Amino acid sequence: MTPTAIMIFAAGKGTRMRPLTDTQPKPLIKVAGKALIDHAFDLTQDVDLTRTVVNIHTFAQMVKTHLADRDVQLSDETAQLLDTGGGLRHALPLLGDGAVFTLNTDAVWNGPNPLRDLAAAWDPARMDALLHLVKPENALGHTGKGDFLVGPDGQLTRGAGPIYTGAQIIKTEGLLDIPDAAFSLNLLWDKLQAKNRLFGLVTDTRWCDVGHPDAIPLAEGMIGYPHET
């Protein structure tokens, strides 16, 4: 069954984006005249969703105001920043049972919609998580050596290969077995990998990691946004 709920991560401090994040949250930084979080919302238009949840922490009121006209529910982390794993678990009462999409807001895409492609490839009988990946040559603004190696059947192991883009489908039951309040989803991925339930999907989408100010013109160039000379 294809998930009908999505968690959009918007609570991070955006320290790598300073000084731009000294006065605003990273999800509201504009790329090509549009806030990063609105680029994320554009992707959600191609999948059938009944619940959209956004977590908030840094400059929470600014994010609330920006989202006031959208049909979203807010998962409030103003008391404590919970990282991706803890944040997703905290939002489960809003998301409901079953697998969910998750999506980071610090990226811009050009090409096939990653959420639509994930939905088409999702096989809950074999998978507990399906991560969207791109080849290094299709990743802009990213300085890492790669995140995963992809086996012939799509199973993932850690290694210098395709790069995780911040979009996935994941079953959430395993979050309940992790004792920490704040933790990364990497913790759950490692558990799923050990059970051969962690899968990846590599597509031809071009992706820009907008995690630092220098990546903004890279993202705008990738999508053909005109610049003044």
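Below you will find a few notes about this structure. (Residues numbered from 1 in each chain as written. Predicted model: local features only at pLDDT ≥ 70, side-chain atom pairs only at ≥ 80, totals over all residues. Heavy atoms only, no water.)

### A closer look at helix H3 (residues 83-90)
Note the cut-off: A simple rule labels every residue: compare its accessible area, found with a 1.4 Å probe on the protein chains alone, to the largest value its type can have, and call it buried under 20%, exposed over 50%, or partly exposed in between. Helical segments are the DSSP runs of H or I of at least four residues, strand segments are the runs of E of at least two, and each set is numbered from the N terminus. Contact definition: two residues touch when any of their heavy atoms are within 4.5 Å.
Turning to H3, its buried residues number three or more, namely Gly85, Gly86, Gly87, Leu88 and Arg89. Those residues of H3 that are buried lie in contact with strand E1 (5-9), strand E5 (73-76), helix H4 (92-95), strand E6 (100-104), strand E12 (163-170) and helix H6 (185-194).

### Overview of the sheet that holds strand E4 (residues 51-56)
We apply this condition: A strand pair is defined by DSSP finding two or more bridges across the two strands. Here the axes come from fitting lines to C-alpha atoms, over the contacting stretch only for helices, and the angles between their N-to-C directions go from 0 to 180 degrees.
An order of E5-E4-E1-E6-E12-E8-E13 is seen for the 7 strands of this open sheet, with the pairing classed as mixed. In the strand order of this sheet, the two ends are held by E5 and strand E13 (198-203), each with one partner. The mean angle between the axes of side-by-side strands here comes to 25°, regardless of whether they run parallel or antiparallel. Strand direction decides the pairing type here: E1 and E6, joined by 4 bridges, are parallel. Counterpart to Ile8 in the pairing with E6 is Leu103.

### So, the nonpolar core
Definition in use: Residues grouped as a nonpolar core are buried Ala, Val, Leu, Ile, Met, Phe, Trp, Tyr and Cys residues, joined through side-chain atoms within 4.5 Å.
Counting 35 residues, the largest nonpolar core has Ile37, Val54, Phe101, Leu103 and Leu115 as the members making the most contacts within it. Among the elements that line this core, the one with the most residues is helix H1 (residues 36-44), at 4 residues. Beyond its immediate chain neighbours, meaning those up to four positions away, Phe101 contacts Thr2, Pro3, Ala5, Ile6, Met7, Val47, Leu49, Leu115, Leu118, Ala119, Gln168 and Ile169.

### A word on the pairing of E6
Most of E6 sits inside the fold, with 4 of its 5 residues counted as buried. Pairing analysis gives 4 bridges linking E6 to E12, with the strands arranged antiparallel. Paired with Thr102 across the strands is Gln168, a residue of E12.

### Examining H6
Note the following rule: Each C-beta atom gives one direction from the helix axis, and the arc is the one those directions make.
Inspection of H6 places Leu185, Leu188, Trp189 and Leu192 among the buried residues, and these make up the whole buried set. What you see down the axis of H6 is that its buried residues fit within an arc of 105°, all on one side. Following H6 by one or two positions, Asn196 adopts a phi angle in the positive range, close to 60°.

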